[in-house]
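# An overview of the molecular structure
Here are the chains, one letter per residue:
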Amino acid sequence: MRLKSRSHNYSNFPMGFYFVFLVVVIVFPFRLEASTLHRNLREINGSISNRRIDDETVFPIHDSEAQVIPQASTKANEKNETRRKLKCHCDVCKETNNICETTGYCFTSKTIKDGQEILQYRCLDEKFTLADRLPIQCHSSKERQYEFRIDCCEFDFCNNKDLPLPKRAENPNPVTNYALIVLIVVASIACICVIFVLVTSFQGRLKNSGSRQILPEDSMCDPNVPILPGKSIRDLIEMTTSGSGSAGLPLLQQRSIARQIQLIDVIGKGRFGEVWRGKWRGEMVAVKIFSSREESSWFREAEIYQTKMLRHENILGFIAADNKDNGTWTQLWLVTDYHEHGSLYDYLTIRIVDVKTMMGMALSIATGLAHMHMEILGTHGKMTVDDYMGKPGIAHRDLKSKNILVKSNLTCAIGDLGLAVRHNVKNDSVDIPSTDRVGTKRYMAPEVLDDTIDITQLDAFKRADVYAFGLILWELARRCDIGGKYDDYQLPFFDVVQPDPTIEEMRKVVCVDRQRPIIPNRWDSSDTLRGVSKVMKECWYSNPSSRLTALRIKKTLDNIRNDTINIINA
């Protein structure tokens, strides 16, 4: 199927732009660093050529060499007798208390050598003096301004001062510059790669934005013509599954439906991902979108939903499963029937129910659970284990009010089969899914909490489902309006554990203290609630074998409902 998008096509963007961009990003830093390197090398060469001049002003620091500049000749001394002698600080004149005299200048110099500052203060002989300006020895070279400075003065003790050197803006070391160039080039290439990935991803999202909203012209057929000659999804399912026992459409039809769904809004979130409300050719559907890391959960749930003969009015209707991969992200879709009332938890949180509605909900849940638990043998004559064609027994393992949907007629359907287990008839075992997910701790049976459940027997998991059903029945009964009296909605064990209890907390409450939800006294005034409370207590037994079966619960609740209807109609 060729998908189109409303978005502009950026794939034809001129490649010349990318080329110019690459040249600017890579070549410009090279030119900048090359000019800098050339300038720094000239500075180094200049400093080397001027070393001889500057070295004449750097004096030896050995004590034995008290005089650094050679003394003037006798004739010169006689000539300078008329000039007043200056007293200067001298760092090497220890014998004269670090003081020297001269008819020339006092000077201070600072040199950076091997990272260390060398400060010198001494006398400069008059033979270096000039008539109209300071001698060359009193000038610092511009090339060495960052590592050498000298200052001369002409009054007593004027050379005891510090000479700050300017901070070096750039390191003239060629090796460092080469490393800097390499770093800039690598960083530029990395930036280009990131930009390329972002542009590609952006283009991919624009091109594949139709993965969520498929346009009519993108369909394999006209949008007003069904894939099969039915008028709705229900028609398609009935036509393709009738008589075959299959619980799902053929794979290609599932994919066709999934890729023609328009997502509308998010209606729920969980640890697996999100649930969206969607539309397929005017019909509302629910789309459970798994993240790619939850692929095993998606595959398992789709597999369970498509178990032979599982389709039932009180089990959430499965429509399609599909994986959408556009190269940049992957979404795993599970498409089911949409029920506008949401989950039983959502419904009871904001609404109360009358006796008749409560019994209809309770009976429908029990009916769906009994169908899941039931093992249906094949009907094609004499069967062997190897060619078994019936429905295996299935246990839910995460039954709770949030996993039960309320239908428009106020009956219920059991959903979220991701943790369900099936009976493998061939080797008489239980196929437990390989997933890290566990059931909801608040609804766990005692044998699950204390880890004494026999995981090799499907009946053990069925009895754990019955325990959870008893808690759901308690939630329903609390919201039942009898004579204008009803209770606020609460989760089971709300009064003894925190909102998100740990297994240890639940084990202490359920297994050690043997506590169960409290039965309000007002229920005794109603025959219906009294009968329902008796059923839920028989679901809560600590001994799993003492609990009712789902089929027995269904029959008992059916009798209670009939009695209730007779009382109402009387």
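Going along each chain's sequence as written, the residues are numbered from 1 onward. Local features in this predicted model are restricted to residues of pLDDT 70 or higher, and side-chain atom pairs are both shown and tallied only at a pLDDT of 80 or more, whereas totals for entire chains, interfaces and linings draw on every residue. Hydrogens and water are ignored here; the side-chain numbers use all heavy atoms of the structure.

### Side note on the overall build of the protein chain
For the protein chain, the helix and strand inventory stands at 14 helices and 15 strands. Only protein chains enter the calculation, and the probe is 1.4 Å; a residue is then buried if its accessible area is under 20% of its type maximum, exposed if over 50%, and partly exposed in between. Within the protein chain, the fraction of its 570 residues that count as buried is 42%. Of all intrachain contacts in the protein chain linking residues separated by at least 6 positions in sequence, the fraction that spans at least 24 positions is 64%. Exposure was quantified through the Shrake-Rupley algorithm and a 1.4 Å probe, taking into account, for residues, occlusion by the shown protein chains and nothing else. Surface exposure of the protein chain reaches about 31,300 Å², of which carbon and sulfur atoms provide 54%. A run of DSSP states H or I qualifies as a helix once it reaches four residues; a run of E qualifies as a strand once it reaches two. Both are numbered from the N-terminal end. In this description, contact between two residues means that some pair of their heavy atoms is separated by no more than 4.5 Å.

### Here's the deal with the state of the cysteines
Working definition: a disulfide is two cysteine sulfur atoms within 2.5 Å of each other. Overall, the coordinates contain five disulfides when judged by the stated rule. Paired through a disulfide, C88 and C106 show a sulfur-sulfur distance of 1.7 Å. Judged by the sign of its S-S torsion, about -75 degrees, the bond between C88 and C106 is left-handed. Residue C88 is located in strand β1 (residues 86-89), and its partner C106 is located in strand β3 (residues 105-113); the two are separated by 18 residues in the primary sequence. What makes C88 buried here is its relative accessible area of 0%. Between the sulfur of C153 and that of C158 lies a disulfide, 1.8 Å long from S to S.

### Description of the pattern of salt bridges
Here, a salt bridge means any Lys or Arg side-chain nitrogen found within 4 Å of an Asp or Glu carboxyl oxygen. Across all of its chains, the model carries 21 salt bridges by this definition. Its salt-bridge partner being R122, residue D91 comes within 2.7 Å of it at the nearest N-O pair. Of this pair, D91 sits in the loop between β1 and β2 (99-102) while R122 is found in strand β4 (residues 116-124), placing the two residues 31 residues apart along the sequence. Take D91 and R122: they sit in the same class, and that class is buried.

### Section: the sheet that holds strand β14 (residues 421-424)
A pair of strands is labelled paired if DSSP reports no fewer than 2 bridges between them. Here we have three strands laid out as an open sheet, ordered β11-β14-β15, and antiparallel in their pairing. Edge strands, defined here as strands with exactly one partner in the open sheet, are β11 (394-395) and β15 (429-431). Alignment of β11 against β14, held across two bridges, turns out to be antiparallel. If you follow A395 over to β14, its bridge partner there is V421.

### Here's the deal with the UniProt feature "active site" (unreviewed entry) in the protein chain
UniProt positions are given in the numbering used here, feature names are shortened, and annotations may be inferred rather than shown by experiment. UniProt's feature table lists "active site" (unreviewed entry) at D398, given in the numbering used throughout. Secondary-structure assignment places D398 in the loop between β11 and β12 (404-406).

### Structural notes on the confidence of the model for the protein chain
pLDDT is a residue-level measure of predictor confidence that goes from 0 to 100. Looking at the protein chain as a whole, its pLDDT mean stands at 79, while 73% of the residues score no less than 70. Scored below 50 in pLDDT, residues 44-80 shows 47 contacts in the model against residues more than four places distant or in partner chains. Ignoring residues within four places in sequence, the model shows residues 206-229, a span with pLDDT below 50, making 53 contacts including any to other chains.

### A short note on the side chain of T357
Tracing the chain through its elements places T357 in helix α9 (residues 355-373). Residues adjacent in sequence count toward polar contacts only when both atoms are side-chain atoms; beyond that, a polar contact is any pair of N or O atoms within 3.5 Å, and within protein one must be able to donate a hydrogen and the other to accept it. A polar contact of 2.7 Å, which involves the side chain of T357, links it to the side chain of D354.

### Re the environment of W298
Topologically, W298 is positioned in helix α7 (residues 295-305). A relative accessible area of 11% means that W298 is categorised as buried. Distance in space between the C-alpha atoms of W298 and L417 is 9.9 Å, their sequence separation being 119 residues. Beyond its immediate stretch of four places on either side in the chain, W298 contacts F290, A321, D322, N323, L332, W333 and L334.

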